[in-house]
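# Secondary and tertiary structure notes
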Amino acid sequence: MALETDAKNSNAVAPGDADAVATNAAAAKASPATGKAKDNNNSAGKKQQPQSQNLVNGNGNGTAGDGPAAKKKGKKNRNKSPPELAVETTLSNGHAENGKDEDPEKTVTDSNANVGAGADEQEPAPQLETEDIDLDALHEVGITVNINSPGADILSVQLSSMELVQEIHQLLMDREETCHRTCFSLQLDNVTLDNFAELKTIEQLEQGSTIKVVEEPYTMREARIHVRHVRDLLKNLDPADAYNGIDCTSLTYLNTITQGDLLDKKKTRPDSVDCTPPDYVTPGVTEPPLLPLHPNIKNAKGPQALKVLTTSAWNPPPGPRKLHGDLMYLYVVTMEDKRFHISACSKGFFINQSTDDTFNPKPDNPSHLSHSLIDLLSHISPSFRRAFQTIQKRRTTRHAFERVATPYQVYQWASPTLEHTVDAIRAEDAFSSKLGYEEHIPGQTRDWNEELQTTRELPRKTLPERLLRERAIFKVHGDFVTAATRGAMAVIDGNVLAINPGEDAKMQMFIWNNIFFSLGFDVRDHYKELGGDAAAFVAPRYDLHGVRVYNAVDIEGLYTLGTVVIDYRGYRVTAQSIIPGILEREQEQSVVYGSIDFGKTVLSHPKYLELLRQAGKHLKILPHAVLNEQDEPIELCSSVECKGIIGNDGRHYILDLLRTFPPDVNFLKLAEVKLSKELVEMGFPIEHRHKLCCLRQELLDAFIEDRYVNFIRIAAVHLQQLNAKKQAEKSEEKQVPALEEAEKQADENESSLQDSNKNKDNAESESKQEPSINETKTAEAMVNAIREAQSNVATSNEVQAAEVVKRACAAVGSLKEKEFDFRFNPDVFSSGIRHVDGEEGTCSSLAKQKVLVQDAAEFLVVKQIPAFIKEHLAHSSPPIDGQSLTESLHSHGINIRYLGKVIKLLAQMPRMDYLHRIAVLELIVRATKHIYYTYMQNTEPLHLSAAISHFLNCLLTNGPVNPAVNSEDAHKKRSNGNKHNKHKSSKGSKQQSASNQTGGPPGNVSGALSSAFDWTLVTPRSLWQQIRREAKTYWDFELDCDSIDTAVSRYGILRSSLMRAFCLKVGIQVLLREYNFESKHKPTFGDEDIVNVFPVVKHISPRATDAYNFYTTGQAKIQQGMFKEGYELISEALNLLNNVFGAMHQENGSCLRMLARLSYLLGDAQDALAIQQRAVIMSERVNGIDHPSTILEYTHLSLYSFANGHVGMSLKLLYRARYLMVLICGEDHPEVALIDSNISLILHALGEYELSLRFIEHALKLNLKYFGNKAMHVAVSYHLMARTQSCMGDFRSALNNEKETYSIYKSQLGEKHEKTRDSAECLRLLTQQAVLLQRKMNDIYSNGKLTSDLPPIHITPPSMGSVLDMLNTINGILFVQISQKDIVKVRSEIEKHFKANSTENEVNDAIKSIVAAANNNGENEVETGSPKELTNGVKDAETAAASS
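Residues numbered from 1 in each chain as written. Predicted model: local features only at pLDDT ≥ 70, side-chain atom pairs only at ≥ 80, totals over all residues. Heavy atoms only, no water.

### Focus: the overall build of the protein
When you go through the protein residue by residue, the secondary structure sums to 57 helices and 26 strands. A buried classification covers 60% of the 1444 residues belonging to the protein. Taking all contacts inside the protein whose residues are at least 6 apart in sequence as the whole, residues at least 24 apart take part in 73%. Of the roughly 56,300 Å² that the protein leaves accessible, carbon and sulfur atoms contribute 53%. (Helix = DSSP H or I, 4+ residues; strand = E, 2+ residues; numbered from the N terminus. Buried < 20%, exposed > 50% of the residue type's maximum accessible area, 1.4 Å probe, protein only. Contact = heavy atoms within 4.5 Å. Areas by Shrake-Rupley, 256 points an atom, 1.4 Å probe, with all protein chains shown as cover.)

So this is what it looks like as structure tokens:
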């Protein structure tokens, strides 16, 4: 269903957007595909870097992303084009290149790609008008300007007239020859240009004008910015920031693996390729090594330019020197070991005569005064000059995507040893309470709440307004997450003073940088009834869910708090923005809606009811009444816990949204609930640790959709029965209002369902972008049923129609008697709340509401879990690690607490073996996480590394565990400990350790280890017993292993995968080295091996709604086979995403992957390679270097690079993908079979038959296991083996394998099919060759030598073309020959199918037979992929079936 309505919605949102795109096709096509953006990309690319970031916004208004300048702009040219777009369009494709060849045409189209869409937004103008606007805009877009900077050649730049002067600044600070200047102004005809003016507002500026760069005098602030910029330039190549997780830097290794930029490579000759795979890539690897994960560590840093550059201890300048113009002092040690003290004054930098112990600020002789610090250093140190040039060269050759900051920090779980250098700026950043670059914002600390709420209030009527609003929301949210993470770490590290310092440590609350922090403990017994600390620990996460869905619904006038949940060092910290005025008064006084004591006193407020009722429609929340202590009914439109507070700013805030959705009765032991027999047999209800379990929004959506399909079906059946009776009367009565009403209601429900579907958070929209085949099936069924219902209604009379609807409502359990109504009461099972019960059968009837919540919980177990497993049986996009498994479960609405039940079902299916293993691994990791958090909370900061390494030893090895700690050392420590903690006797600690073995809930510190040294008592055995207990109590799952060894042998888990998963889950960074897990003499992990601990951050991800609509419409077009239109729509989506999120974002990545695939299908392999290269770098940077989607991007890139003749490269990329796969989940995985088939094919093409055979044998083994012996995959594997063996001259084996292929094709496709015929032909040739060979052999045996002159045996190596065809087939890409007539035939077939009957198989067959329609002009060759596979960009290799 989703598909159709989405297509509708996207058009509804922007009337005519799609047409605009069509008229604009040329522009859009040029924009993402040009691959040659201009200079100004660098400017935008740089914009993300914190230091310069706020120069753009630093105009006294730190709120809306771009400050007044942008606002000013917006008013001026409403109907020309979305002005805000142009500011960033330059980066829209993120190909920054350093102005090599200026090509005005292209930039023009770039900034104009969205014009049509924007113009059309205001009013759906007739086509003609749009084009006028287009042309009008074109006239004022491209300007070529010359820039004249001192000491550099004149530079000619291509700019867009929408840009700010500011962008030229950015551009110059990023270019190689001018990057060392920061303090300059731009002048045109001796008039200084205003930084925040748009270029088109400057009157004298015309084509070919020359802008002069004029050096300005420094101020204190400018001098500091300059020094910081110099330091950034010098450490630009150093990966240390990425390993330390600061400044949103992250790693990417694509260019290391391809040894330089793929696009600059010459095509390789097959014979010159070195293709031997490293040992850890060949099949049969048991424990993959860790070092290859970060290739090229040694020379990643680049040359060192200086030993020390730091602020001097003589700062700040004393009074007399201040009056001489001294701003600050620096201290430098060059590589030649010379020491210099440098003064900064308004004219620039010079060397003074101070030494380390005497202060003499007079200029040295010669003093070398220069305006730029880099010029000065180049003067005094030749090695600096050389090193700086090298660094610059390497910096500018890197891909733009390698330099842009990511939206959120990505942490690495392994890191090499990094040397620690002297760096005063780093030190200053660490200890200033500011956020590093706050000094660029006038007014210092930021009022986060004001910024977050103001951005939400921005107008959103037109496309340009929505883009500006979404971009501002995204930017402020990103900054808030960064600030909150920093604050939370400071709080746990003890760097922030509590606002209630007198209370117990667990009860303390903190305010830092205008953010409020609280810890996840049960303070003042608030959660006592709900599960104490366990409930307090999960409450922030549920609250975050609530914030997410209310934000997604986006009701005007209803405000939520900025919320971030951070897990760090075993503590859970909630960071929230502060409601204005809340700190001045008690909570009791400020709450005007909801209850602060779980329902004893309840308040309501008309404005809140109105706002929450609107939100409730989308979220399916039922307005309900509860009694307060005076027994008065109070109406609520949310759960009782949800509190409404009106801030001093007059805004209506809601908080405590942890019970937004109805409870999950399968995990609550309730006297009044009787679960169905089926569930009781499965062991429900399971008593959970806390009583906050609730159902997910995705589940409610699926449940309602399921009921709606049934509702329509039942109504249709009843109507058919009526019709049969009424065949006689053919009277045309008016359509019945009652049914119309029901239809309308149903449609509304449907559309709101769609809305809420659209609002699911991005991860989900990523993982499940398209409805699966069976959803399309239900969609079809519904459309037919509705049509039928409508035609039938005309012939029936009112009473009966109303009766039909009433029966259908009763049958599906609708809340209302006469219309389809499904909403949930979140409080229905909450203890201590007294409900007002309505009369039987109405929607206020409590019994009905309870049944509904129970039904939804039952639907999860009975329908959704089997549906999840069924969907993965085809292995079309199999989860690779715990994270992708979790996302997939969530998209089906299945909570992780059902993991135990899912594993039990998976265990019965040998074909799901890999998924079973991933699920068990995830369960072990999560159980261990619970134990680890408790363990960490009781460890003194002094022993963190020892304690963590000890824990890892217990988890991952059976060898000796930290003997150092268990001997004298521990006693010494223990006695020291006792000095501080007199009351902790050793006896106490023993009892405690026993109690701890029972696996208390996370955060349950009181019952946990009492002595700070009890972590030394944990042993591998005790830890694994705890893990088993945890698995049993939390997931009701019997874990069948009591040590890592049994886990490895019983479940096939790899230790390296367990280590990776655990480190990522709890935020540990280990040293990158090879660990010997089998070590018998010394512990595997020492305390040196724990490099760092990171926060694990959960937050909401703001959406780009217009881009999402374009994307889904584009996908719908692709499914119909209109690739060109799809390409244009998705390019447009990418353009909009760049405007909202900037250059780097996960969603941009999935757009790029899709575009690359489409380019390839449309026959442009070169374009596909360029786009996919960006997708890979983006995935490495944004998701992580070993994230499942990175592996997927690597495999796609290897196919495109093979198609472009880079044979060696494509092998290297596949080797990388295979290594990462094995590291994450081991070799036994359907995805590995695909990678192995690809590797084998390419090795085969290079004549490496022996190697090729090893890979294909492995792939065949896996395909047999996961697809069964009749599958197409298996047939292809047999065929590939036969090809390789025949090339090796082993004709007998080749014959046997080809026979297998033939028999599969014959049974699956029939004898007439061309594949079967090809296989038969292949058999014939092989037989001939085998017979020839046999004759020669016999001849030699009988006569000792060759007598007859038999013809020689030809072994022809395969051509590159034939290999590429095979590669396409395996990866699910088909180029099919279809004529226009066939298409018409296929279409009519499908329609017949759908009309006749909508049983499952038929629809499936029909969908399979939609081989996409030809490009509208009936060319002969159309490229198609099986429709489903394209939508996710996933390789669905069952193409054979699709093309049949």
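Moving on from the model shown.
### Some words on the pairing of strand S9 (residues 348-351)
Where strand S8 (residues 339-345) meets S9, 4 bridges bridge the pair, whose relative direction is antiparallel. Among the inter-strand pairings, Cys 345 is bridged to a residue of S9, identified as Gly 348. In this antiparallel pair of consecutive strands, S8 and S9, the connection spans 2 residues. (Pairing = 2+ DSSP bridges.)

### Some words on the sheet that holds strand S2 (residues 155-160)
Strand order across the open sheet formed by 5 strands is S2-S1-S5-S3-S4, with mixed pairing between neighbours. Edge positions in the sheet fall to S2 and strand S4 (191-192), since each has one partner strand and no second. The pairing of strand S3 (residues 184-188) with strand S5 (residues 210-215) spans 4 bridges and is classified as antiparallel. Note on S5: the bridge partner recorded for Phe 184 is Glu 215.

### Comments concerning the pattern of salt bridges
Tallied over the entire structure, the rule returns 61 salt bridges. A salt bridge links Asp 174 to Arg 403; its shortest N-O distance comes to 3.9 Å. One end of the pair, Asp 174, is in helix H11 (residues 165-174); the other, Arg 403, is in helix H18 (residues 400-403), and 229 residues separate them in sequence. We classify Asp 174 as buried; its relative accessible area is 5%. Taking the shortest distance from any N to any O, the salt bridge between Lys 235 and Asp 241 comes out at 2.5 Å. On the basis of relative accessible area, Lys 235 is assigned to the partly exposed category, the value being 21%. (Salt bridge = Lys/Arg side-chain N within 4 Å of Asp/Glu carboxyl O.)

### What to know about helix H33 (residues 899-907)
Turning to H33, its buried residues number three or more, namely Leu 899, Gly 900, Lys 901, Val 902, Ile 903 and Leu 906. Each element contacted by the buried residues of H33 is listed here: helix H31 (846-873), helix H32 (882-891), helix H34 (913-937) and helix H39 (1020-1035).

### Describing the sheet that holds strand S18 (residues 633-636)
The strand order S18-S17-S21 describes an open sheet built from 3 strands, whose pairing is antiparallel. For this open sheet the edge positions go to S18 and strand S21 (834-835), each flanked by a neighbour on one side alone. Two strands pair when backbone bridges link them, and strand S17 (residues 624-627) and S21 are joined in this way by 2 bridges, in the antiparallel orientation. Paired with Leu 627 across the strands is Arg 834, a residue of S21.

### A word on helix H48 (residues 1230-1245)
The terminal C-alpha atoms of H48, which comprises 16 residues, lie 23 Å apart, in line with the 22 Å expected from a rise of 1.5 Å per residue. Where H48 terminates, the next one or two residues include Gly 1247, which has phi positive at roughly 80°. (Expected span 1.5 Å × (residues − 1).)

### Quick word on the pairing of strand S14 (residues 563-568)
For S14, the tally of buried residues reaches 6 of 6 residues, placing the bulk of the element in the interior. The side-chain alternation of S14 yields two buried faces, one formed by Thr 563, Val 565 and Asp 567 and the other by Val 564, Ile 566 and Tyr 568. Pairing geometry for S14 and strand S15 (residues 571-577), over 6 bridges, is antiparallel. Considered in S15, the bridge of Thr 563 is made with Gln 576. From the end of S14 to the start of S15, which pair antiparallel, there are 2 residues, and Arg 569 there has a positive phi angle of about 55°.

### Considerations on the packing of helix H42 (residues 1105-1119) against helix H44 (residues 1146-1161)
A pair of packed helices is captured by two measures, namely the crossing angle of their axes and the spacing between those axes. Look at H42 against H44: their axes get within 12 Å of each other, and the N-to-C directions meet at 25°. Here H42 is positioned roughly parallel relative to H44, judged by the angle of their axes. Here H42 and H44 pass one another in a crossing that is left-handed. Where H42 approaches H44, its residues Tyr 1111, Gln 1115 and Ile 1118 are matched on the opposing element by Ser 1150, Cys 1151, Met 1154 and Leu 1158. The residue inventory of the contact of H42 with H44, partitioned by class, reads 5 nonpolar, 2 polar and no charged. (Axes fitted to C-alpha atoms, helices over the stretch in contact; angles between N-to-C directions. Parallel < 35°, antiparallel > 145°, perpendicular 65-115°, else oblique. Left-handed = near helix turned anticlockwise from the far one by under 90°. Nonpolar A, V, L, I, M, F, W, Y, C, P; charged D, E, K, R; others polar.)

### Observations regarding the environment of Arg 651
Mapped onto the elements of the fold, Arg 651 is located in the loop between strand S19 (643-646) and strand S20 (652-655). A residue is classified by how much of its surface remains accessible, and Arg 651, at 9% relative accessible area, is buried. It is 7.6 Å that separates the C-alpha atoms of Arg 651 and Leu 558, two residues lying 93 residues apart in sequence. Excluding anything up to four places from it in sequence, Arg 651 contacts Glu 450, Gln 453, Thr 454, Glu 457, Tyr 559, Ile 645 and Ile 646. A polar contact is formed between the side chain of Arg 651 and the side chain of Glu 450, at a distance of 3.3 Å. (Polar contact = N/O pair within 3.5 Å; in protein donor to acceptor, adjacent residues only side chain to side chain.)

### Concerning unusual backbone geometry
In terms of backbone geometry, most residues other than glycine have negative phi values and most peptide bonds are trans. Each neighbour pair has its own omega, and for Asn 315 with Pro 316 the value is -15°, a cis peptide bond. Structurally, the position occupied by Pro 316 is in the loop between strand S6 (306-311) and helix H15 (319-323). The step from Phe 684 to Pro 685 runs through a cis peptide bond, and the omega angle for that step is -5°. Along the chain, Pro 685 turns up in the loop between helix H25 (677-681) and helix H26 (697-725).

Any link to function would need more than the numbers given here.
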